Amino acid sequence: MDTITATIDAKGQSCPGPLVSLAKAIRDASSGALFELLATDPGSKSDVPSWAELSGNELLETDESDGVYRYVIRKR
């Protein structure tokens with residue numbers, strides 16, 4: 001996999017915090033940049049895939065470990 005451009009640590013934030021943090025970070029990035037989002041909000045499991053689809057970005061990876069949800073998103 002390509003190198004992660006930035007990690008957004010949104011642990012402890014409730015909805016819509018993780019998405020706001022991700023959107024802000026991804027906005028000024030170059031197309032193709034990879035972002036890792038770390039969140040503890042269970043709502044992110046449905047929010048992040050929906051946001052990626054609506055925003056035209058690509059959700060490459062999701063996993064969960066010890067209550068932390070990890071997402072890898074490529075900016076289109």
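The coordinates are above.
Residues numbered from 1 in each chain as written. Predicted model: local features only at pLDDT ≥ 70, side-chain atom pairs only at ≥ 80, totals over all residues. Heavy atoms only, no water.

A. Representation of the nonpolar core. Leu22, Phe35, Leu37, Val48, Trp51, Tyr71 and Ile73 are the most contacted members of the largest nonpolar core, which has 15 residues in total. Every element with two or more residues in this core is listed here: β1 (6-10), α1 (17-27), β2 (34-39), α2 (44-55) and β4 (68-74). Excluding anything up to four places from it in sequence, Phe35 contacts Ile4, Ala6, Ile8, Leu22, Ala25, Ile26, Ala29, Tyr71, Val72 and Ile73. (Core = buried A, V, L, I, M, F, W, Y, C linked by side-chain atoms within 4.5 Å. Buried < 20%, exposed > 50% of the residue type's maximum accessible area, 1.4 Å probe, protein only. Helix = DSSP H or I, 4+ residues; strand = E, 2+ residues; numbered from the N terminus. Contact = heavy atoms within 4.5 Å.)

B. Structural view of the pairing of strand β3 (residues 58-65). With seven bridges joining them, β3 and β4 adopt antiparallel strand pairing. Bridge pairing in β4 links Glu61 to Val72. The turn linking β3 back onto β4 is made up of two residues, and Asp66 within it adopts a positive phi angle of 55°. (Pairing = 2+ DSSP bridges.)

C. Summary view of the sheet that holds β2. Across the sheet, four strands lie side by side as β1-β2-β4-β3; this open sheet has mixed pairing. One side of each edge strand has no neighbouring strand; the edge strands of this open sheet are β1 and β3. Averaged over all adjacent pairs, the angle separating strand axes in this sheet is 15°, with direction ignored. In the packing of α1 onto the sheet, contacts are made with β1, β2 and β4, and the angle to β2 comes to roughly 160°. α2 rests against β2, β3 and β4 of the sheet, and its axis sits at about 5° to β4. (Axes fitted to C-alpha atoms, helices over the stretch in contact; angles between N-to-C directions.)

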